[in-house]
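Descriptive structure summary
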Amino acid sequence: MLAMPESPQWLAMRGRHGEAHTVLLLTSDTPSEAGLRLAEIKQATAKAPQTIGGGGVWNKLIVRPSASVRRILVCVVGLQFFLHAVGIEAVMLYSPLVYVGLQFFLHAVGMALAW
């Protein structure tokens, strides 16, 4: 399979059960397994609350995050801020130049000690 098919769960949530079954036929071992998985997906999507406008994920992530999501967001944003604040990019970008300079320095010290 060279191309990534659409998610069967997403297709089933949109009521496109035929397309979801086609994708499951491609990714399952047997047609009966594909039918069983589609039945499970239909059952799960029937229980899941429907969001209007598709903004549910962003709403849960940014507008009203739960305590665990808020903790993860603070850690990720804080880590990114810390990495930029300490200047790790400067170390990563200039380390090859420093190593080249160090090589010349060590070569000069070796020549001086050989005298």
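Conventions and cut-offs
Residues numbered from 1 in each chain as written. Predicted model: local features only at pLDDT ≥ 70, side-chain atom pairs only at ≥ 80, totals over all residues. Heavy atoms only, no water. UniProt positions renumbered as here; feature names shortened; annotations may be inferred. Helix = DSSP H or I, 4+ residues; strand = E, 2+ residues; numbered from the N terminus. Polar contact = N/O pair within 3.5 Å; in protein donor to acceptor, adjacent residues only side chain to side chain. Patch = residues over 30% accessible without salt bridge, like charges linked within 9 Å, V, L, I, M, F, W, Y side chains within 5 Å. Areas by Shrake-Rupley, 256 points an atom, 1.4 Å probe, with all protein chains shown as cover. Salt bridge = Lys/Arg side-chain N within 4 Å of Asp/Glu carboxyl O. Buried < 20%, exposed > 50% of the residue type's maximum accessible area, 1.4 Å probe, protein only.

Regarding the UniProt feature "transmembrane region" (unreviewed entry) in the chain
The positions that UniProt labels "transmembrane region" (unreviewed entry) are, in the present scheme, residues 72-91. With 95% helix and 0% strand, the stretch residues 72-91 has end C-alpha atoms that lie 27 Å from each other.

Side note on the environment of Thr-30
Along the chain, Thr-30 falls in the loop between helix H2 (17-27) and helix H3 (31-47). Side-chain polar atoms of Thr-30 contact the backbone nitrogen of Glu-33, separated by 3.2 Å.

Examining a nonpolar patch on the surface
Residues Leu-93, Tyr-94, Leu-97, Val-98, Tyr-99, Leu-102, Phe-105, Leu-106, Val-109 and Leu-113 make up a contiguous nonpolar surface patch of roughly 1,100 Å² in combined accessible area. Within the secondary structure, Leu-97 sits in helix H6 (residues 88-114). Note on Leu-97: relative accessible area 59%, which makes it exposed.

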